[in-house]
Each structure stands twice: as structure tokens, then as C-alpha cells.
Amino acid sequence: MTFWSRFSSWSRTTFRRSRMENEMDAELRFHIETFAEDLVRGGVSREEALRRARIEFGGQERFKEECREAVGAHFLETFLQDSRYGLRMLSKNPGFTAATVLTLALGIASTSVLFSILDGAYIHFGETEQANRVVLLRQQFTKSESRTSRFSPAEYLDIKNARDKGVLARWYAGFFALAHSGSSLTEATESGQNPEQVPVVLATANIFSLYGVPPLLGRTFTADEDRPGGPNVAVVTYRLWNRRYARNPEIVGRTIKLDGVPYTIVGVAPRRFQHWGADIYLPLALDSASGDRSQRTLNVAGVLNEGRSPDETAPPLRELARRVEAEYAGTNPEYRGLVYTPVDVRKAVVGDLRMALYVLMGAVGMLLLIAAANIASLLLARARARAREIATRLAMGATPGRLARQFFTESVVLSGIAGTVGAVLGIWALAPVLALIPEHYIGEESVIHASLASFLVSSGAALVLGTGFGMASAMFVARRSAARKVAQTRTRSAAEERGGRARGILVLSEMALAFVVVTAAGLMVRTYRQITTIDLGFQPDHVLTMRTALPGLRYPRSVEVAKFLSELLERVRSLPGVVDAAASSGRPMEGGQAVRSFSLPGRRLDTTDGTATARFLVIAPSYFAVVRTPLRRGRFFREQDGAEAQRVVMVNERFAHLYFPNEDAVGKQIRLENRESQSDPGRGAPATSVAQIAGVVEDSKQFAWNVGDVLYEPASPEIYAPLLQQPEDGRDIALLLRTAAEPATLAEAVRLEVLRMDPDQPVFSVQTLRAITDEALGPARLCLLLLAIFAVTSMVTACVGLYAIMSYEVTQRTQEIGLRMALGAGRRDIVRLVLKEGILVAAGGLALGLLGSLGVTRLMSSLLYKVSSNDFVTLAAVSALLSAVALIASYVPARRAMRVDPLVALRYE
Amino acid sequence: MDKQLDLLQGTLDMLILKAVSLGPLHGYGILLRIQQISKDRLEIQQGSLYPALYRLEHQGWIASEWGESENKRKAKYYRLTAAGKRRLQAETENWNSMADVIAGILGTKPEEI
């Protein structure tokens, strides 16, 4: 016999099952009918002949079954039979089955959703292969303990030239520099200029080749265009091309205006090139002989050679920094102790979200563990409950192996259902979960979709779990039946004792596991509640905000800026539904706010150059009234704090506490230093000025890239200056309106008011303050919300599992209870007996769980907000909850058992 | 007619192989041929033929195809494969030597021991 014939026969039977059945029927029918015809020829009536033929042939179904078995259809048949049987058994226990399938499915779904996000956001971050090797550089001035990811032109050239001379060539394919900016984009045509504020990135020409991205249309900059005095050329990105120009291919060669300056579009960057968040790329046009070491406005990034990791480039970068330090420390004292460090951009973007994802993965793992424990106890419980059935089947000749396969199949069916439900749920839930995550936390270029890998992971998890539990209960059954053959008695055999002990351990560990999970859950829920009711230091509801920018070409002088703003505020205030209006250079909880150096006249700040930095906001007098930040000391700004009046500032409490500890900050003086960076050439830097602190306001929560910082770190020191005294900072201005009505409804009216004053003036980023706040706190909220959902799910799952296993334990003692009652035990005795044992196991589980949870919750203490990791309330509540579950689980079945007639109970098994 | 004999365990396969070695036959035909050769001395449960046929086909010793029977019906015909021919030969030799040994043992007279 050849392997091939065996295989082909097997495949025939497997894949042409119905055909085989038909043929078998035809063959047997032919036999019987031909036989009958022969009998008819012998003189028997046709009917009688058929009857006799059938009898002589024998049981057709039996022979058919033997035929199927003969050709190996047996396995499939058994599997289907077992599956059908398994489904029947599962549907006989609908509550527990549903709970188990649901918990397992939920675990699988969450695994696949999280895996998809992790995969898209982190593992496959960049679209081109090179994008995955981009490393951002940061310089650290270790002597002054400051660090920045910004470089001055000369500092960039130090690195780039070193690379060109071959110093870093082993590690880096090249370096590029870029600077972020924003411009008002208008069309250069007469009709419809359609103003819009767009993010602009000024970059060195090599950025495109280093990323390995050819243009979608036209070309990218040439090195020749990327020099001072080069032509005004622009590359637009896919995003802008798609949104504003409806993918018009004739855009190449067209002229657009940025802040009124004409630029020629030379090309369109493809969709995958959405790094750095730009809509438009312009040549950076660095002077290759630049000696500028003070204006740090550039991001410098390198592309690693293949196979290099960012970390391994740290030593050569440090070596380079030492050389730069040796050369320039004489003229630039801040270079002492200069260090360049590589930052994996993927880590920088995903940042604390990655940490949160790991934590979530942990939570999911725990949920899976709970689900696993539940399924294990379900199957074990079922195996025990079916002891009689199993004994009968064994007695009738079924082999233990056959029974084990039955159990195995059932658990595969169970996990198959759960896996399917979980996969569908996971695909369905991805979009809503993703919608909760602010874009910049994932990286705009990441494409996140339900990945095949995530499906494999989740279905793999389902299969492994199902197989595991199937095998476990199968082994239990096999061992038990083997022992049973020896014992052959209905009293408790050694195997049953072992089963009882196994169950006791199961209950104990279920209890302990449940305690840990529910404690973690409780802490997360409490944290979530704390964060949703967090005191922000301002009141974000009923505030509408938007931004506008007054370009230097149209409003060259500060006076014009101040005039425009005060007139705008006047007009907006008179709109119906507006309670009050204010302008400021930044909005609460908004990213990218200005920082200003300052010093304190007559005092020494403990830094190398005697200056420190603080967040710096320029505000209209009504600002604090609009956002409702309370005043702590002194006074708010007044309209009289104008250009000619005494210079004043306000500071936040943190500032006052840091720089004027134990004294009143009001009336003290601050010198606002000349800005060293980000000054716009041609507009002139504002002069150094000394201002008096007029008032101190309460700390507000501030935006930080790391959400953890927003929640856990104290506010950074802040300085507020009156708009009328610092109008230069009002060019890029935000409007804030406190409204009586729903704030979003006023957006259009305000926009029209702005356009009425200047039709070229783009109004953008129209958002309610609530939306800004939600966006900033979004990631933390999301993670906590997800954690809370998982936590509650785990809690329910754990309680269901605990109840099921404990009540089952008591149900198993129906016979014993009947015996005791028949011998005269009272109800009280029985209740006491059952509860005592329940309480013993529960107490053991609680003690174990308490120990475990103290360890586990310490690990998650960094996630908690204003909740201690061994929060007494939570621990007490969890203990109470689980004890209650344990008691009910013992009491209910005990009562049921007592109601049973002792005679019936004695026969119960 | 002589008394019918019950079929020895495991011999049905051999008989089937022998029956189809003389030419392709359908199941009923195989039954008739065995009865004809054995002169009706063997008792074979008719249905039990089919599991044996399926088993032999699965093992590759016989092959089947559908054809038309003498009474103008569609019938499944079995024929011996090359592997089946070798198998029949081996089984026959095996059976003969076994029969010799058994007969020898059973035919032993007391004085020969």
C-alpha cells in the first residue's frame, strides 16, 4: 500500500464527503435490488423479494459506518460528533458558557486591538524603510543642566561636516536639519485668495533623499535652491494637495503666497511622507559658512545606516561633542560638558503611550488569566459532574483516550467560538478605540488597521488556551478513570480526594487572583474618577477659542497689532451670546507655548548665566476673567497697563513659590531678557525690560507631551505680561470667549467678524476650551478608561468564576448534606458547616490575594492619580465584595441541598 | 448440500482479492462468485462485504470505477491492482504454508510425538 493511495483515499473521503455518501448509497441499493431481481426470477413476489434481500444484506447503517471507518472518515466524523455533543453540553449550561466565551472573547479582542495599535504605532512606525531609522539629536549642556533638541545653524554644520568628513559615516547615512513654522497661505490669483494658516517646515534639501522618498509629482528641491538668496520654491505635501487642491496634477509650477510672499510649487510629496507634520516644505537655505551659535531653532536628525541602533551611536556622538567643545568652549562657555544624544523618534512620539500600552497589555494578560482560570474550572467542574456518564461510557467500552478526545474537542469548540467572537469584536472595536487617541500620539504617518498578525495572535491565544484546558481536563479524566478501575466503589476514592484538593487549590488561587485583579480594577476606577474631576486651575466649559496670526508684512508695526486686537475684542464682545472676550498668545493646555528668559534684579539665580526660563504668555486684561483662574495675591491687569505705563507682569503660584519663597512676590521686580532664539529677523527683538509683579494667580494645568507630567508634575513657572506692553507677542494670537450659549454655535459669527476687519485674515484652530483640555488629557483618559473597562470586566469575570467554582463545590456535597440531615443534623449545623469551609478557603484566598495585590499595585503606582497604591478604601471594598461572593456562593447551594429530600440526596451524585 | 461454514477471521479479504483477480466485478458479483467457487459452502453476511471492499480499496489493493451492469444499471466495479496481485500471491503462500503447518499438527498421530 502506498502512502499516496492512502492519502488520496483520505482526501477523497474528506473533501468529497457527500459524493462518497451518495455512491455508497447507490452501491448498496444496486446490491439489494439486483439480489431481489434474482429472487423474483426464482418466483418470489417483488415486495417479498425486496424484504428478504434487505434482511439477508443485514443492517445497512452499520455497514455504512464500517465503510466510512475503513476509509478513514472516522476522525472527521468523530470530531463532528464530539463537536455536536460539546455544543449540546455547552448550551445546557448557558449562563456559564456565555460568561466564559464572553470573557475569553473580550480578552482576545482587546489583545488584538492593542496589538494592532502597538504594531501600527510603534513596530511599523515609518512608511519607508529609512523612516524607521531616523534619529533625532539632542544636545545637553551638562554644566548648566539644560538640554534642548534645537540646534543653531553652526551647530548643525559641525555635525553635518563631521559626517561628510567621514567621522560618523559608519553609523549615519546623513544628517538633515529643519525648522517648524506656520504661515498664512493664500492663492496668488485675483479671485478668492482663500486664506488659511498652514504648518510649514523649512528643511535642508537632502531630507527627501535621506528618507528615500521620490516626489509624487514634479521634483523636490535641489541643493542649489537650498542656499541663502535661492529661489522661492515650495514642495507641498499630499495632505495639502488632497485637501486644498483636490489632487489637481497641474499644481506644479503654480505660484502661491505664504505670508504674502510668492513661492513656486515645484513638487508634491507623497502620502507616506507626512513626517514632521508639515503641509508645505520650503528650503531652509542655510549659509554654509554660518557662524551663528546662539539662535537655536533647528531640529537636527540623522538617518542611521542599515542595521545600526540609535543607542550604539551614542559614544561616537559624544566623541564628536567633545571635539566641538574643545574647539568652541572658549567663545561659547555653555559648551562645557556638551553631549549629543540620539533620540529614537519612534520612542519620542509614542512616548508614554507606549508605557501605557504595555500596562494595558498587562491588564489584558490578567484578564486572559482570569478567563483561563474560569474555563479551567468550568471544564474541571463539568468533568466531575459527568462522573457517572464517564463511568458508564468507560464500562461500555469507550477508551480513556476516546473520552479525552471528547473533552479536548469540547474545549476546542469553546475556544473556537470565543476566538471567532473575539476576532470579530476586535476588528469592530478598533476604529472607536482609535478615535479616542489624539493623532499626534500615534504619529500621523502611521497606518493602523486590524493587522493579520493581530488576528493570528488572538486566534493563537484562543487555540492555546482551548488546547491547554482541553488537555488539562482530559488528563484529569483519564487519571481519574484509571484510579476508578482500581477502586470500583461509590465512596470517595483517592482520585476524588485528589480532585477535591485540586478544586480547593483552584478556589484558593481563583480567590487570590480575583483579589489582585479587583484591587487593581478598583484603583484604576478611582483614578479615573479623580482625573475626570481634576482641578485644572481654570474652567474650560463655555469657552470658545480660535487663533489668528497678523503677518509682519501687513501689520509691520506693533501699534497696528495692538489696535487690531483691541478693536477685534470690542467687536466680538458686542456679539449676542458672548459674556466676555480675551486675547492671549497661548491657550490653557495648548502645546508649543513660548518660553522666556528672565533674571531677578538684585538677586542671584543659581544658574551659570544668572538667568532662568519660564513659560511666557501675553494676555489681555480680561484673560483670567474669561478662563476663570482665581487670583491669589495682588491684582489682575487693567486697561491702564498700557505701553506708556509702568511695566507689570503676573506670575503663577509656582513661580512665586520657586523664586520668592517665604515672601510676598507682589511688588518684586523681574527682568525679561532679550530673547535668544525664535526671534523673527526683520522685526527686531523686544528690548530687555524690568517689570513689577502685580499679582499672583493660581496654578493651572499645563500641556506637556508626556501626559504623566500634566497630571503628576507641579505646574511650571509662568509669567504673564499685558498685551499692550508686549504687542509683538500678539501677532500669533488666540481669542477666548466666554459664552452664555453652547460655545461652538458662535464660531461662525466670530470668524465673520474677523474677516470683516481683514478679509485676508485666516481664522483657524477653532476649538472649545473643553475640547483642547480633553485632547491634552485624552491619552491619559483613554488609557485609564480602557484600563477601567478591562478592570470592571475582570472584576465581573473573577466574581462569576469564583461564584461558579465555590457553588459547585457545595453542590457536590449534596449527598453528604443529605446524609447528615438524615442522621439528625439541623439546618443551622449544615449552614455553619458549609459556611465555615467556604470562609476558610475564602480567607486563605483573601490573605494570599492581599499579599499579591500589595506587590502588583506598587508596580502600577505610577499610573495612579491622587490614590495610594494600598488605598484602604479599595482594599476594604474588595475584601467585602469577594467575601460576599464567597458567602453567597456557599450559602445558596447549601440551602438548595437542604431542601432536597434526604433519600434523593443520598442517591445524588 | 454440505453444511455451511462460518468464515474464518481475516479470510474474507483474501477471498475478495481472489474473486476480482479473475476479472472486474461489482459487489454483488463478488458475492456470487465466492458462493459459486465455494459451492455455497461458506456463510457470508452480505453487507459485511462492503466494509471489506472499502478497506481493500483504501489500502490500494483493489480499484473501483462505475460501469454498466448486465441488468443495465449503474454499478461499481472492482478490479485487482498490481499491488493487490502481489498481496494476493503473498496471502495465498502464507495461507498455504499455514494450512500445511496446521494440517500437519492436527494430523499428527500419538506415536509420532
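This section reports on the structure supplied with the text.

Cut-off values and rules
- Residues numbered from 1 in each chain as written.
- Chains lettered and ligands numbered in written order.
- Predicted model: local features only at pLDDT ≥ 70, side-chain atom pairs only at ≥ 80, totals over all residues.
- Core = buried A, V, L, I, M, F, W, Y, C linked by C-beta atoms within 7 Å.
- Buried ≥ 20, exposed ≤ 12 C-beta atoms within 10 Å, placed from the backbone.
- Helix = DSSP H or I, 4+ residues; strand = E, 2+ residues; numbered from the N terminus.
- Domains from an automatic or database assignment.
- Pairing = 2+ DSSP bridges.
- Contact = placed C-beta atoms within 7 Å.
- Nonpolar A, V, L, I, M, F, W, Y, C, P; charged D, E, K, R; others polar.
- Axes fitted to C-alpha atoms, helices over the stretch in contact; angles between N-to-C directions.
- Parallel < 35°, antiparallel > 145°, perpendicular 65-115°, else oblique.

**Brief notes about the nonpolar core**
All names here are of chain A. Core analysis: the biggest nonpolar cluster contains 65 residues, and Met511, Ala514, Val517, Leu802 and Leu882 have the highest contact counts within it. When residues in this core are grouped by element, the largest group, 15 residues, is from helix H15 (residues 494-532). Each of domain 2 (83-127 + 351-488) and domain 4 (491-539 + 771-909) gives at least three residues to this core. Val134, Ile159, Ala234 and Ile265 belong to the second-largest nonpolar core, a separate cluster that totals 61 residues.

**Side note on the sheet that holds strand S2 (residues 25-26) of chain B**
Residue and element names in this part refer to chain B. Overall, antiparallel pairing links the three strands, which are arranged S2-S5-S4 in an open sheet. Only two strands of the sheet have a single neighbouring strand rather than two, namely S2 and strand S4 (62-68). In this sheet, strand S5 (residues 74-80) lies alongside S4 in antiparallel orientation, the contact comprising seven bridges. Opposite Ala63, over in S5, you have Arg79 as the bridge partner.

**Digging into helix H3 (residues 49-58) of chain B**
H3 of chain B sits mainly inside the fold: ten of its ten residues count as buried. Phi turns positive, to about 85 degrees, at Gly60 of chain B, one or two residues after H3 of chain B.

**What to know about unusual backbone geometry**
Working note: non-glycine residues mostly have negative phi, and peptide bonds are mostly trans. Residues and elements named next belong to chain A. One non-glycine residue with positive phi stands out, namely Ala285, at about 55 degrees. Inspection of the secondary structure assignment puts Ala285 in the loop between strand S10 (280-283) and strand S11 (298-304). Given 17 C-beta atoms within a 10 Å radius, Ala285 is considered partly exposed. Backbone geometry places Arg628, a non-glycine residue, at a positive phi of 65 degrees.

**Side note on the interface of chain B and chain A**
Contact residues are listed per partner, giving 20 residues for chain B and 25 residues for chain A. Elements supplying a minimum of two residues to the side of chain B that touches chain A: helix H2 (27-37), H3 and S5 of chain B. A per-element tally of the side of chain B that touches chain A places H3 of chain B first, with five residues. Among the residues making up the side of chain B that touches chain A, the classes are represented as six nonpolar, ten polar and four charged.

**Brief notes about the environment of Val516 of chain A**
All names here are of chain A. Its location among the elements puts Val516 in helix H15. Along the chain, Val516 and Leu846 lie 330 residues apart, while their C-alpha atoms are 9.3 Å from each other. Those residues within four positions of Val516 in sequence are excluded, and the remaining contacts are Gly849, Gly852, Ser853 and Val856.

**Structural notes on the packing of helix H1 (residues 12-21) of chain B against H2 of chain B**
In a pair of packed helices, the angle between the axes and the distance between the axes together describe the arrangement. Residue and element names in this part refer to chain B. Two numbers describe how H1 lies on H2: the axes approach to 9 Å, and their chain directions differ by 100 degrees. Relative to H2, the element H1 is oriented roughly perpendicular. Residues Leu15, Ile16, Ala19 and Val20 of H1 form the contact with H2, whose own contacting residues are Ile30, Arg33 and Ile34. Here the residues of the contact of H1 with H2 sort into six nonpolar, no polar and one charged.

So yeah, pure geometry; function would need other evidence.
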